[in-house]
Amino acid sequence: MNARALVNVPKTATAGSVIEIRALIQHPMETGFRPLPNGGLVPRHVIDRFECIYDGETVFVAELHPAIAANPYIAFRTVATRSGELVFRWTDDRGAVREERAAITVT
Amino acid sequence: MRRATLAAVALALGVAAVAAQTTPRDERRSGFTFMGPTTQAMQRDDMANPGMLFVLEGEELWSAKAGAAGRSCADCHGDASATMRGVAARYPAFDTTSNGAIDLAGRIDQCRTARQEAPSLPRESRPLLALTTYVAHQSRGMPITAGEDPRLAPALAAGKTLYEQRLGQLNLACSHCHDDNWGRTLGSAPIPQGHPTGYPIYRLEWQDIGSLQRRLRTCLTGVRAEPFAYGAPEYIQLELFLTSRARGMTMETPGVRP
């Protein structure tokens, strides 16, 4: 998936604190219901799934559907447990995958 | 006595309404101030502003080689954050080749065809919008200075005429909404003053980034007028008038609008 993505993870956090994570990705989120001038439909093209893996552990999963706006923005909270890498993975209904990574230092 | 006072008040109000036709300088407000707090928060936060995705896309294109010349924008112009700072704030500018006004997207495309020897980018195409957003973003926070060049006077006058000209089946001019009735609502939508401070904007209704021309097109179809073709001189003249009217206001690119 050749898409621009922005993720915001605090660089540092204290152990046990709740951190907010925000992820924004460029995607048309085409519903598959919009008619074309010739009577056909614009083919469906949506992100199905978003997941966040924190140091090997899946901490957040979202299933996305048509009717979610283009360029979806997802914000969620998790507990800062240990220093490590967060992997953000978006998968769309054509099988394209986009990954973004961010590191966090927990003290 | 009481009736005479009322008449005097009505007369004074009438005079005030005439005076308000050209919005005084100190009453000028960006479209941003007419939005709800959540949409304002979206624009303010670069991590939530979807327009920033197109800034990123433009940044990639800035250093991508294109055309027969095999050059990228960066090969000539270097680091955009230094060389392009304040550039968008002076557009539309005077163009010596056409001897008229040219907008930022037009200048980017001119550079692309003449210097990069690459095929022209269509108006409202993603690469052109992304590059324009990226260049305009470099001027964020700076005051608009467009329209100061005296050679632009004829285009500026044409833009003012268009702004004040009644158009379409509804027979409305731009000024009827954006000078006389700003702050009121059209259906449930507030009418802003029409200052183009954040273009190209990410419009939630479009779910996409779009130019001022696309926005003007929406206004034109709104008054049931036939829109001008993209890139038409009328749009650039209107843009020139609007940016000179907004001179001194702060650039917000990429703006978010409902």
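Our subject is the structure that appears above.
Residues numbered from 1 in each chain as written. Chains lettered and ligands numbered in written order. Predicted model: local features only at pLDDT ≥ 70, side-chain atom pairs only at ≥ 80, totals over all residues.

(A) The arrangement of the overall build of chain A in detail. Looking only at helices and strands, chain A has zero helices and eight strands in total. Ordered by position from N to C terminus, the α and β elements of chain A give β-β-β-β-β-β-β-β. Along the first, second and third principal axes, the C-alpha atoms of chain A reach 60 × 20 × 20 Å. Looking at chain A as a whole, 21% of its 107 residues qualify as buried. Counted over contacts in chain A with a minimum sequence separation of 6, partners at least 24 positions apart contribute 57%. (Helix = DSSP H or I, 4+ residues; strand = E, 2+ residues; numbered from the N terminus. Buried ≥ 20, exposed ≤ 12 C-beta atoms within 10 Å, placed from the backbone. Contact = placed C-beta atoms within 7 Å.)

(B) Quick look at the overall build of chain B. Helix and strand counts for chain B come out as eleven helices and seven strands. For 258 residues, the compact-globule formula gives about 18 Å, and the C-alpha radius of gyration of chain B, at 20 Å, lands near that figure. In terms of overall dimensions, chain B has C-alpha extents of about 80 × 40 × 35 Å along its principal axes. Across the 258 residues of chain B, 33% fall into the buried class. Long-range contacts, defined here as pairs at least 24 residues apart, represent 74% of the contacts in chain B between residues at least 6 apart. (Rg over C-alpha atoms; globule rule 2.2 N^0.38 Å.)

(C) Structural context of the pairing of strand β3 (residues 18–25) of chain A. Residue and element names in this part refer to chain A. Here four bridges tie strand β1 (residues 5–8) to β3, and the two strands are oriented antiparallel to one another. Looking across to β3, one finds that L6 is bridged to L24. Where β3 meets strand β6 (residues 73–79), seven bridges bridge the pair, whose relative direction is antiparallel. Paired with R22 across the strands is A75, a residue of β6. (Pairing = 2+ DSSP bridges.)

(D) Local environment of unusual backbone geometry. All names here are of chain B. Here the bond from Y199 into P200 is cis, since omega is -10°, no more than 30 degrees from zero. Within the secondary structure layout, P200 lies in the loop between β4 (189–190) and β5 (201–203). With an omega of 0°, the peptide bond between T253 and P254 qualifies as cis. Following the sequence through the fold, P254 ends up in the loop between α11 (233–245) and β7 (255–257).

(E) Focus on the interface of chain A and chain B. At the junction of the two partners, chain A supplies ten residues and chain B supplies nine residues. At the level of elements, β1 and β3 of chain A are the ones that each hand at least two residues to the side of chain A that touches chain B. When grouped by side-chain class, the residues that make up the side of chain A that touches chain B number five nonpolar, three polar and two charged. (Nonpolar A, V, L, I, M, F, W, Y, C, P; charged D, E, K, R; others polar.)

(F) Local environment of the packing of helix α6 (residues 104–114) of chain B against helix α7 (residues 126–137) of chain B. All names here are of chain B. It is the contact of α6 with α7, at a shortest axis distance of 10 Å, that shows an interaxial angle of 110°. What the angle tells us is that α6 and α7 run roughly perpendicular. Our pair here, α6 against α7, has a crossing hand that is right-handed. In this structure, α6 contributes L104, A105, I108 and D109 to the contact, and α7 contributes L128, L131, T132, V135 and A136. A class-by-class count of the residues in the contact of α6 with α7 yields seven nonpolar, one polar and one charged. (Axes fitted to C-alpha atoms, helices over the stretch in contact; angles between N-to-C directions. Parallel < 35°, antiparallel > 145°, perpendicular 65-115°, else oblique. Left-handed = near helix turned anticlockwise from the far one by under 90°.)

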